[in-house]
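Notes for the structure review
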Amino acid sequence: MAGRINDDDVKAVRDAVPIDSVVSEYLQLRSAGGGNLKGLCPFHDEKSPSFQVSPGKGLFHCFGCQEGGDTIAFVMKIDHLSFSETVERLAAKAGITLRYEEGGYNPSHQRGERIRLIEAHQAAADFYVRALESPEAEIGRKFLAERGFDQDAATHFRVGYSPAGWDHLTRYLRGKGFSDKELITSGLSQDGRRGPIDRFRGRLMWPISDTAGEIVGFGARKLRDDDNGPKYLNTPETPIYKKSQVLYGIDLAKKDIAKASRAVVVEGYTDVMACHLAGVTTAIATCGTAFGNDHIKILRRLLMDNGSARVIFTFDGDSAGQKAALRAFEDDQKFAAETYIAIAPDNMDPCDLRLAKGDDAVRDLVEPRTPLFEFALRQIVGRYDLETPAGRAAALDEAAAVVAKIKTSSVQREVAVQLAGFVGILDQEFVVRRVAQLARWARDKGGDGRGDPRGGRGSGGPQDRRGGTPQQPVQTPAAPSGPALNLRSPAHRTERELLKLALQKPALVSPAFDAYGADEFTAPPYAAVRQCIAEAGGAERGLGDNREYLVAVMDAAPNNTVRSLVTELAVEVFMGRTIDETYAGMQLVHVRLRAVDRRIGEVQGSLARLGSNVAPDDLAAAQNEVWVLQQYAQSLRAKGADAL
């Protein structure tokens, strides 16, 4: 049974690994003001970045889908890890040795499955790299040399070689403490007649890493004629390797993709190598599958969908390449980036082009020239005889149906006009009307009709999520029952600001805030957050270690809904321009004053309902309470925070 990780070690890990550095491994972050960062949420599709990270607080929160938490919560969510697995991974990153309670620590038994599989792949990669230096691997070194890759290139991309024997790697990994079950689960070994044998034998090996740079699989290239397997053999689907969710070279290219707002999609491992060595360091490739929706999500988070983003596909000009381009065009609108296609002369791939014409030719190839939609439409139109009316009509019917799928009306019209030119129809408006008609028919048959799919379902931040116009009520999920949050309500606005102050700048509201009861907050979700702060030790606790304080508040949350609201309030920007003691005092006074006025109204309402039936002593007590409260309210209005 796995031991429990020491609480102090968990805290040390949480403090040692900056949340922005971890999140940046998965998506591009930009300044959001106030010390916060923003990016496209990795947990739901959106166009405008509503995902915010607060490095100072160690928290993230998405104002679109409500996911939030600290560094540990982020890694658990994005990589589907357990708490222990996440802490172990982050501890390894920070160089922290963990202590385990409830018994000793046995790495071979207590480390999580994903971490064990990652470690097996890392060990396999080292094994393959060393094997490339062996006499047997001469055929592999020759293959690389013939394609213009020297030893330095092989080292940079960690290219290796799998020995031709049955179980060289399997025996090596067993010696490293990995079980047969782990080797089979990892995909590095497979069942043989007498036990596990190596899956990859006598092949050139490319390690495939995820966005975080961890090796999750391999691509293996056939070298010998007597190898009856496929030309390329990839790792099978495993708990850590999903071919539709990985891009070869993404670990090397991600920073430059984010920096340049450009990605180049090629078709193979050697093409990625050739592009990078030629200076095109934004090149990536799929791993044995077509470029699809999950790949788009990876790139969008890095490109951040700004107006200058570019994605260039380098499909071959043959029939297979044309089909790949048409498939890519079907998903084109899922990008906010502009998409282009680049085809080398004589249909050469980037690797062959570099060999034949040098690095300059590769760099020139990927300069955007032909929009992907134009290429796709020309491929469709090119199948018909445009010299005849029947041919033009048939070409228009097929191509117009493709253009009709474009949801943005302005883009749809522009492409329709260009389609008229491709087909040779002088009446552009006829083509525009035809496309619009097909689009309407598609919607009437059950299309979603949601408008521009490039717009996503996200929002620009907290203001967008709560309604772009002041007429829209604001609703936030809440565990407690009660009215929905509404930022048109002065009470809700002020209560929200006060809670943000208590979480983000506790020194400005402590110790006064800690005397406020949960009943002073009219919105049940806010009352729940106030209760969490109280259970965590109050705002006064935040005067010390603010991160530890925020973690304690989140731990006190009764459920994920309240916990999400805590992270939201902990990273949301303030409504005021100057956040100081005066501003904090105003929020404290307004919340208290409204609570006092509500109590006065409750007592007076109770007296009115009872009328003459109230006992004299009760009447006197109630009247005295009203008088005291009225005096207090008058003092609050006259003296402000000094009266608290």
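Here the structure is a predicted model, which is why all the values come from computation and not from measurement. The residue numbering used here restarts from 1 in each chain and proceeds along that chain's sequence as written. In keeping with the model being predicted, local features are shown solely for residues with a pLDDT of at least 70 and side-chain atom pairs are shown and tallied solely at 80 or more, while totals for entire chains, interfaces and linings include all residues. Processing note: side-chain calculations cover all non-hydrogen atoms of the structure and skip hydrogens and water entirely.

**A closer look at the overall build of the protein**
Elements are defined by DSSP. Helices are runs of H or I of four residues or more, strands are runs of E of two residues or more, and each kind is numbered from the N terminus. When helices and strands are counted, the protein shows 27 helices and 18 strands. Going through the 644 residues of the protein one by one, you find that 51% of them count as buried. What makes two residues a contact is simply this: any of their non-hydrogen atoms within 4.5 Å. Residue pairs in contact within the protein that sit at least 24 positions apart in sequence constitute 67% of those at least 6 positions apart. Only the protein chains shown count as cover for residues, with accessible areas throughout obtained via the Shrake-Rupley method and a probe of 1.4 Å. Counting every atom, the protein has about 29,300 Å² of accessible surface; 49% of that belongs to carbon and sulfur. Burial here depends on accessible area, computed with a 1.4 Å probe over protein chains only, as a share of the maximum for the residue type. Under 20% is buried, over 50% is exposed, and the range in between is partly exposed.

**Topic: the nonpolar core**
In this structure, L144, V159, L204, W206, Y248 and M273 are the most contacted members of the largest nonpolar core, which totals 45 residues. Ranked by residue count, the leading element in this core is helix α12 (residues 269–277), at 5 residues. The contacts of L144, once residues within four sequence positions are left out, are L132, F149, A154, V159, L204 and W206. By size, the runner-up hydrophobic cluster in this structure holds 39 residues, among which are L498, L501, A556 and V571. As used in this record, nonpolar core signifies buried Ala, Val, Leu, Ile, Met, Phe, Trp, Tyr and Cys residues forming a set joined through side-chain atoms within 4.5 Å.

**Examining a positive patch on the surface**
On the surface, a cluster of positive charge is made up of K405, K407, R440 and R443. Tracing the sequence through the fold places R440 in helix α20 (residues 428–444). Residues forming no salt bridge and having over 30% relative accessible area are the ones grouped into patches, like charges within 9 Å of each other and nonpolar side chains (Val, Leu, Ile, Met, Phe, Trp, Tyr) within 5 Å. In the sections that follow, a salt bridge refers to a side-chain nitrogen of Lys or Arg positioned within 4 Å of a carboxyl oxygen of Asp or Glu. Counted as positive: Lys and Arg. Counted as negative: Asp and Glu. His and the chain ends are not counted at all. Every charge is mapped to an atom, namely NZ of Lys, CZ of Arg, CG of Asp or CD of Glu.

**So, the sheet that holds strand β6 (residues 68–70)**
Pairing between two strands requires that DSSP report at least two bridges joining them. The strand order across the open sheet built from 5 strands is β2-β3-β4-β5-β6, with neighbouring strands paired in antiparallel fashion. Both outer strands of the open sheet, β2 (30–33) and β6, are each paired with one neighbouring strand and no more. Mean inter-strand twist for the sheet, computed between neighbouring axes without regard to direction, equals 25°. Summarising the sheet, strand β4 (residues 51–54) and strand β5 (residues 59–62) pair through 4 bridges and their orientation is antiparallel. Looking at the pairing, V53 lines up with F60 of β5. Every angle, taken between N-to-C directions, lies between 0 and 180 degrees, and every axis is a line fitted to C-alpha atoms, over only the stretch in contact when it is a helix.

**Observations regarding the pairing of strand β10 (residues 195–198)**
In this structure, strand β9 (residues 189–192) lies alongside β10, joined through 4 bridges in antiparallel fashion. Each bridged residue has a counterpart across the sheet, and for G192 the counterpart in β10 is G195. Taking the residues that link successive antiparallel strands as the turn, the β9-β10 hairpin has 2 residues.

**So, the sheet that holds strand β11 (residues 203–209)**
The sheet built from 4 strands is open, its strands ordered β8-β11-β12-β13 with antiparallel pairing. The open sheet has two edge strands, β8 (160–162) and β13 (232–234), and neither has a second partner. Between one strand axis and the next, the sheet turns through 35° on average, direction left out of account. Bridge count between strand β12 (residues 215–222) and β13: 3 bridges; the pairing is antiparallel. Residue pairing for β13: A220 is matched across the bridge by L233. Contacting β11 and β12, helix α7 (residues 138–146) crosses the sheet at an angle of about 70° to β11.

**As for the packing of α12 against helix α15 (residues 350–357)**
The geometry of α12 relative to α15 is characterised by a closest axis approach of 7 Å and an angle of 45° between their N-to-C directions. Judged by the angle between their axes, α12 and α15 are oblique. Between α12, through T270, D271, A274, C275 and L277, and α15, the contact on the second element is made entirely by P350, C351 and R354. Only Asp, Glu, Lys and Arg are considered charged in this grouping, and only Ala, Val, Leu, Ile, Met, Phe, Trp, Tyr, Cys and Pro are considered nonpolar; every other residue, Gly among them, is considered polar. For the contact of α12 with α15, a count of residues per class yields 5 nonpolar, 1 polar and 2 charged. Throughout this description, any angle smaller than 35 degrees is read as roughly parallel, any larger than 145 degrees as roughly antiparallel, any in the 65 to 115 degree range as roughly perpendicular, and the remainder as oblique.

**Focus: the pattern of salt bridges**
Under the counting rule described, the total for this entry stands at 34 salt bridges. E497 serves as the salt-bridge partner of K500, at 2.5 Å between the closest nitrogen and oxygen. Of this pair, K500 and E497 both sit in helix α22 (residues 490–504), separated by 3 residues, roughly a single helical turn. Connected via shared salt-bridge partners are D79, R89, R114, D210 and E214.

**Some remarks on the packing of aromatic side chains**
Geometry of an aromatic ring pair is reported as the spacing of the ring centres plus the angle between the planes. In summary, the pairing rule links any two rings of Phe, Tyr or Trp, Trp by its six-membered ring, whose centres are within 6.5 Å, and it sorts them by plane angle into stacked for under 30 degrees, edge-to-face for over 60 and tilted for everything else. Tallying each qualifying case throughout the model produces 16 aromatic pairs. Measuring from centroid to centroid gives 6.2 Å for F43 and F60, while their planes differ by 45°, and the two rings are tilted. Taken together, the residues F43 in the loop between β3 (36–39) and β4 and F60 in strand β5 connect sequence positions 17 residues apart. Ring geometry for Y128 and F218: centres 5.1 Å apart, planes at 90°, overall edge-to-face. With Y128 in helix α6 (residues 113–131) and F218 in strand β12, this pair connects stretches of sequence that are 90 residues apart. As far as burial versus exposure is concerned, Y128 and F218 are alike and both buried. One aromatic cluster is present, built from ring pairs that chain together Y26, F43, F51, F60 and F74. Criterion for a charge above a ring: Arg CZ or Lys NZ at most 6 Å from the ring centre, at most 35 degrees from the ring normal. Cation over ring: R147 sits above F143, and NZ or CZ is 3.6 Å from the ring centre.

**Digging into the state of the cysteines**
Note on terminology: disulfide denotes any pair of cysteine sulfur atoms within 2.5 Å. Applying the stated rule across the entire model yields 0 disulfides. We note that C351 lacks a disulfide partner, and the nearest cysteine sulfur, in C275, lies 9.3 Å from it. Relative accessible area serves as the criterion here: at 3%, C351 is assigned to the buried category.

**Notes on the environment of F178**
Tracing the backbone shows F178 in the loop between α9 (168–175) and α10 (180–186). Sequence spacing of F178 and A120 is 58 residues, and the spatial spacing of their C-alpha atoms is 7.3 Å. F178 has contacts with R116, E119, A120, L173 and L183, leaving out every residue within four places of it along the chain.

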